[in-house]
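# Structural characterization, general
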Amino acid sequence: MISNFSFYLPTKAYFGKGQIATLATAIPKTARILLTYGGGSIKKNGVFEQVQQALQAHFYIEFGGIEANPEYETIMKAVELVRKEKLDFILAVGGGSVLDGSKFIAVAVPFDGEPWDIPYKKAPISTALPIGCVLTLPATGSEMNHRAVVSRRATQDKVSLYSDLIRPQFAILDPTTTFSLPVRQTANGVVDAFVHTLEQYATYPVNGKIQDRFAEGVLLTLLEDGPKLLDNPMDYDARANVMWAATQGLNDILSVGVPGDWSSHAIGHELTAVYGLDHAQTLAIIVPALFTHQIENKRDKLTQMAQRVFNYQGDSSQAAEFAVQKTREFFEQMGLKTRFSDLGIDDSQFPLVLQKLAEHRPQAIGEHKNIDNYVAKQILYMAL
Ligand code: NZQ
Ligand code: ZN
């Protein structure tokens, strides 16, 4: 049975070519803006010029240098800047890391206390600065969701915060901004969005027909158009479909009333913190192993996935295994590795991974809350 739910999605999307110009009207003229960005891609691909053009009548201060897997030490510098300059609006221009770092800034600025407590101890928050964004990397869904993931390299922590207060007011989604993505980041984005969808779909059936069919639509779109981008990065339609698919993959529309898994993400975050692997790369390693380990618990939905997404027509008792194998092949087709050994990683750091997982996730994880530290260890070994 579908669980009761409430659903409200206040982020306004401006989708398509040239939409960066709408910044001129999307942000109040009176706003004092912090314009955040990453390592500089926006200054090479024409995105920054378009933002500058649109913000001619606005006051803004730039803050660049937010790294992939946004670092607490870096974004705290932005928090100081916002407080000092009395800025009151955050415009994030970049991928999920710039967005998530900006979300952290938005809650940290008015927070009375140590801001790290917000993601690390889940300290309650009651207010946040408003955020808007120009997305340049379709992957995380951060442009339309209430999550942010931040890292602290000194302590090897990668932790999340959740609040409706950090949903962006608007998201500018211009697929042409993604033409300049390196192949690795394009592929990462497709795989991340695919796994977000699986985390909400490949659980157990509750007869959520809309949720299931929306999820299958997202999966099919990523399967069809993701690989096209490897050969033709300038394919506008494929860029557009992947961008919208990634947004739908994690803006909560797929998760209403149905069970969620999220154990691959929980383990994956520890792998990024310990090995420095890209977020999507961690998922490409963990998902096939975890789904194989949990195949009986996930059999009904994986069978449905095999039949509806991978067009499997064979013996239904083998359909779930087929879905897992096709998922692994898709990740590999996108150029990601699906085993630790493919990356030269052995089991020597597994104790640290498991220790950090226990620290961050003391309760068992997964849709059945059955993946404890012991099971997680088995999954890590299956992924070798
Ligand atoms: O920093 P710049 O120079 O902009 O370069 C970035 C970065 O090096 C580059 N890039 C982005 N757009 C580009 C571009 N290069 C050329 N052209 C463009 N148009 O791509 C690199 C990676 O960017 P990043 O923002 O780190 O990637 P992604 O969007 O995959 O974000 C990953 C982060 O988001 C978190 C991940 O854990 C990770 O920290 N996630 C956030 C979620 C959320 N908020 O809901 C959910 C996800 O599951 C995920 O955990
Ligand atoms: Zn993800």
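Our structure is the block above this text.
Report follows, based on the coordinates. (Residues numbered from 1 in each chain as written. Chains lettered and ligands numbered in written order. Predicted model: local features only at pLDDT ≥ 70, side-chain atom pairs only at ≥ 80, totals over all residues. Heavy atoms only, no water.)

It is worth spelling out empty space enclosed by the protein at this point. Tallied over the full model, the rule gives 3 cavities of 30 Å³ or more. In this structure, the largest cavity occupies an estimated 70 Å³ of space. Every residue lining the largest cavity is counted, 16 residues in all, and those nearest its centre are Q200, Y201, D212, V258 and K301. For the lining of the largest cavity, the per-class residue count stands at 8 nonpolar, 6 polar and 2 charged. Space inside the second largest cavity adds up to approximately 60 Å³. Around the second largest cavity sit L137, P138, T178, L181, Q185, T186, G189, V190, L229, R239 and V242, which together line it. At the level of secondary structure, the elements contributing two or more residues to the lining of the second largest cavity comprise α6 (183-201) and α8 (236-249). A per-element tally of the lining of the second largest cavity places α6 first, with 4 residues. Its residues assigned to classes, the lining of the second largest cavity shows 6 nonpolar, 4 polar and 1 charged. (1 Å grid on protein atoms, 1.4 Å probe; cavity = no way out; pocket = protein on both sides within 12 Å on 5 of 7 lines; lining within 4 Å. Points joined across faces, edges and corners; volume = space filled by probe spheres on them. Nonpolar A, V, L, I, M, F, W, Y, C, P; charged D, E, K, R; others polar. Helix = DSSP H or I, 4+ residues; strand = E, 2+ residues; numbered from the N terminus.)

We now examine the coordination of the zinc ion (ligand 2). The coordination sphere of the zinc ion (ligand 2) contains the protein donors D192 (OD), H196 (NE2), H265 (NE2) and H279 (NE2), at a distance range of 2.0 to 2.1 Å. Counting gaps between the donor residues of the zinc ion (ligand 2) yields the pattern D-x3-H-x68-H-x13-H. Of this pair, H196 sits in helix α6 while H279 sits in helix α10 (residues 279-293), placing them 83 residues apart in sequence. Among the residues examined, H196 registers a relative accessible area of 2% and is labelled buried. Taking the relative accessible area as the measure of exposure, H279 reaches 17% and is therefore buried. (Donors = N, O, S within 2.8 Å, 3.2 Å for Na, K, Ca; no water. Buried < 20%, exposed > 50% of the residue type's maximum accessible area, 1.4 Å probe, protein only.)

What follows concerns the pairing of strand β3 (residues 59-63). Pairing of strand β2 (residues 32-36) with β3 involves 5 bridges; the strand directions are parallel. Across the sheet, residue L34 finds its bridge partner in β3, namely I61. (Pairing = 2+ DSSP bridges.)

To continue, consider the site of ligand 1. Taken together, the neighbourhood of ligand 1 is formed by 33 residues, with G39, S41, G96, S97 and K158 sitting nearest. Interatomic distance of 3.0 Å between a side-chain N/O atom of N69 and an oxygen atom of ligand 1. Contact with the protein chains covers 89% of the free accessible surface of ligand 1, which is 950 Å². For the shell around ligand 1, the elements supplying multiple residues, two or more each, are α4 (96-108), β6 (147-152), α6 and α9 (263-275). (Near = heavy atom within 4 Å. Polar contact = N/O pair within 3.5 Å; in protein donor to acceptor, adjacent residues only side chain to side chain. Areas by Shrake-Rupley, 256 points an atom, 1.4 Å probe, with all protein chains shown as cover.)

Counting through the fold element by element, Y201 comes out in helix α6. Judged by relative accessible area, which is 1%, Y201 ranks as buried. When residues no more than four places from it in sequence are discounted, the contact partners of Y201 are D212, A215, E216, L219, K301, Q304 and M305. Within polar-contact distance, the side chain of Y201 engages the side chain of E216 at 2.6 Å. (Contact = heavy atoms within 4.5 Å.)

Mapping D261 onto the fold places it in the loop between α8 and α9. Overall, the relative accessible area of 5% leaves D261 in the buried class. A polar atom in the side chain of D261 sits 2.6 Å from the side chain of S263. Separated by 2.6 Å, the side chains of D261 and K298 make a polar contact. In contact with D261, not counting residues within four places along its chain, are E199, T203, L290, F291, K298, G366 and E367.

Bringing α4 into the picture now. The end-to-end C-alpha separation of α4 is 18 Å, in line with the 18 Å expected for 13 residues at 1.5 Å each. Most of α4 sits out of view: 12 of its 13 residues are buried. Every buried residue of α4 is listed here: G96, V98, L99, D100, G101, S102, K103, F104, I105, A106, V107 and A108. (Expected span 1.5 Å × (residues − 1).)

Moving on, we get to the sheet that holds strand β5 (residues 131-135). In spatial order, the strands read β1-β8-β5-β4-β2-β3; together these 6 strands make up an open sheet with parallel pairing. Lying at the two open borders of the sheet, with one neighbouring strand each, are β1 (12-15) and β3. Across the sheet, the mean angle from the axis of one strand to that of its neighbour is 20°, orientation sign disregarded. Inspection of the sheet shows β5 paired to strand β8 (residues 170-173) by 4 bridges, in the parallel sense. Among the inter-strand pairings, L135 is bridged to a residue of β8, identified as L173. Here α4 sits on the sheet in contact with β2, β4 (89-94) and β5, set at roughly 165° to β4. (Axes fitted to C-alpha atoms, helices over the stretch in contact; angles between N-to-C directions.)

With that settled, the discussion passes to the pattern of salt bridges. On inspection of all chains with the given rule, the structure shows 17 salt bridges. The partner of K301 in a salt bridge is D212, and the shortest N-O contact between them spans 3.0 Å. Residue K301 is found in helix α11 (residues 295-308), and its partner D212 is found in helix α7 (residues 209-231); the two are separated by 89 residues along the sequence. Each member of the pair, K301 together with D212, is buried. Notably, a salt bridge pairs D261 with K298, separated by 2.6 Å at the nearest N-O pair. Here D261 is found in the loop between α8 and α9, whereas its partner K298 is found in helix α11, with 37 residues between them in sequence. Assessed through its relative accessible area of 0%, K298 is described here as buried. It is possible to trace a salt-bridge network through shared partners that takes in D157, K356 and E359. (Salt bridge = Lys/Arg side-chain N within 4 Å of Asp/Glu carboxyl O.)

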